[in-house]
Amino acid sequence: MMDLETVYQGIQEGRRRALARGLSWVDEGSDRGNALLGRLFPHAGHAHVIGITGAPGVGKSTLVNALTLHLRKTKQTVGILAVDPSSPFTGGAILGDRIRMQDSVDDQGVYMRSLASRGHVGGLSRATFGALTLLDAAGFDVILIETVGAGQAEVDVMRFAQTVLVVLAPGLGDDIQAIKAGILEIGNIFVVNKGDREGADRTVRSLRSMLGLTSTSLDWVPPIIKTSADRNEGIGELVQAIEDHKAYLTNHAIWDQMRERQAENLLEQALEDMVEAVKKESRRQGEWYRAVSSIRQGESAPAFARELISQWLQKNG
Amino acid sequence: MIRVLVAKPGLDGHDRGAKVIARALRDAGMEVIYTGLHQTPEQIVDAALSEDVDVLAISILSGAHPTLVPRIMELLRANDVDDMLVLLGGIIPEDDVPAMKAAGVHQVFGPGTDTQDIVDFIRQHKGTA
Ligand SMILES: Nc1nc2c(ncn2[C@@H]2O[C@H](COP(=O)(O)OP(=O)(O)O)[C@@H](O)[C@H]2O)c(=O)[nH]1
Ligand SMILES: [Mg+2]
């Protein structure tokens, strides 16, 4: 059994088992997970987080594999988070992204973890943020997050990435769908994968005209890169575009702003946790129900909220 | 949440059985990591550790279990893993079952096992979550 201290130290020393266990804790949204996250946050903030999103089957995992191999040539270490949807009915999931990652499995400079999109106490973005922070604190130079850009929750996750790749493929990742999910707005780099397939150039062209319509940011013009991930074509160009984007972020001090936003996110989560704890505790103590019936009689709800918080603080402050 | 790695070591040519198990476990509310065919014991153990799974479900049809399974168990022990439930399925002759259990496998499920039995076994040993 690993305790908080062992996991905390182990992650900073780059120990795999500690990282794996810590990720399970933040994944389950437990108290020890939150505690670990809070302690590791100050050690994070160095990694370049790259989000990779797009419809199922466009080749995201294959691309992650190709990118990883390319980054490893320059000795950069790579952490990978692959998010797959859970069944809304059973909460279960089949996480199959490792299938495409076989080339890197024996490499100590690469760590991959699969996450399911549901079954998280505080939502997907919270679990992903926690996982990212742990990988970052563990010292990975680059972190790749793969998500199916299907729902709002998955699009939300992308705000933790400094660079977002939106992946399309000819005949897949249907254009209209992509716009609906708001996926075009979040892309910093567009990848048309399966460049070997017929229709790839047409996809590039229609993407270009669509981007012309939605483009808002004037200083960074999202490039469109054609790749064939399964035969390693266009990967060098893609890595160059990623580097360019990173340079752009750094030059415009956006990098630092993002770090600040993450700190803000941590604070928001901590506040939410506290409110949840206050509710839980006061229900358990029965104060909650006394407050409810008094409010029903016309007393002030904010006054009771303050009262519940101050009682909780006295006990837990 | 129970996390399971469904692993296919060795040279088996198909993974229909493994996929049936994977789906049954998913439908029972578990998170199933599936890594495809032809995995080496090293790859399997690396995946099991990285994914911090509660259960490792190994499927072997080829008859190579007498070498593959002890190797996997040895690697798990070398990494001080003592809380992972290890299950074996596929085509495992009755006579080999004691040796597999002696190697550290918790339960062997033969061909034609009702997937519900596997689900129940996992729940019994790893809680109902
Ligand atoms: N023709 C072609 N197929 C590819 C390419 N990249 C990936 N694929 C195939 O597309 C399928 C889906 O790939 P995968 O990476 O799992 O897609 P994901 O669902 O977006 O992660 C697999 O069969 C891949 O082998 C490519 O550049 N060209
Ligand atoms: Mg994938």
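Rules behind the numbers
Residues numbered from 1 in each chain as written. Chains lettered and ligands numbered in written order. Predicted model: local features only at pLDDT ≥ 70, side-chain atom pairs only at ≥ 80, totals over all residues. Heavy atoms only, no water. Contact = heavy atoms within 4.5 Å. Buried area = accessible area lost by both parts, 1.4 Å probe. Salt bridge = Lys/Arg side-chain N within 4 Å of Asp/Glu carboxyl O. Helix = DSSP H or I, 4+ residues; strand = E, 2+ residues; numbered from the N terminus. Nonpolar A, V, L, I, M, F, W, Y, C, P; charged D, E, K, R; others polar. Near = heavy atom within 4 Å. Polar contact = N/O pair within 3.5 Å; in protein donor to acceptor, adjacent residues only side chain to side chain. Areas by Shrake-Rupley, 256 points an atom, 1.4 Å probe, with all protein chains shown as cover. Pairing = 2+ DSSP bridges. Axes fitted to C-alpha atoms, helices over the stretch in contact; angles between N-to-C directions.

Naming follows an unreviewed UniProt entry, where chain B appears as Methylmalonyl-CoA mutase of Sulfobacillus thermotolerans.

Draft legend 1. Seen up close, the interface of chain A and chain B. Each partner contributes residues to the interface: chain A has 25 residues there, and chain B has 26 residues. Buried surface at the junction of chain A and chain B, both sides included, amounts to about 2,100 Å², of which 45% is carbon and sulfur. For the chain A face of the interface with chain B, the top three residues by lost area are A:R17, A:I94 and A:R98, together amounting to 29%. For A:D27, the salt bridge is made with B:R3, and the minimal N-O distance between the two is 3.9 Å. Taken together, the elements giving at least two residues each to the side of chain A that touches chain B come down to α2 (16–28), β3 (93–95) and β4 (110–116) of chain A. Across the side of chain A that touches chain B, the residue classes break down as 10 nonpolar, eight polar and seven charged.

Draft legend 2. Broad picture of the site of ligand 1. All names here are of chain A. Around ligand 1 there are 18 residues in total, and G57, K60, T62, R100 and D196 lie nearest to it. At 3.0 Å, a backbone N or O of G59 approaches an oxygen atom of ligand 1. Residue K194 places a side-chain N or O atom 3.1 Å away from an oxygen atom belonging to ligand 1. Computed on the free molecule, ligand 1 has an accessible area of 580 Å², of which 79% lies beneath the protein chains in the complex. The greatest single-element share of the shell around ligand 1, amounting to three residues, is contributed by helix α4 (residues 60–73). Taken together, the residues of the shell around ligand 1 sort by class into four nonpolar, six polar and eight charged.

Draft legend 3. The arrangement of the sheet that holds strand β4 (residues 85–90) of chain B in detail. Strand order in the open sheet formed by six strands is β3(A)-β2(B)-β1(B)-β3(B)-β4(B)-β5(B), and the pairing between neighbours is parallel. At either margin of the open sheet sits one strand with a lone partner, and together these are β3 of chain A together with β5 (107–109) of chain B. Across this sheet, the average inter-strand angle for adjacent strands is 20°, counted without regard to direction. Two strands pair when backbone bridges link them, and strand β3 (residues 55–60) of chain B and β4(B) are joined in this way by six bridges, in the parallel orientation.

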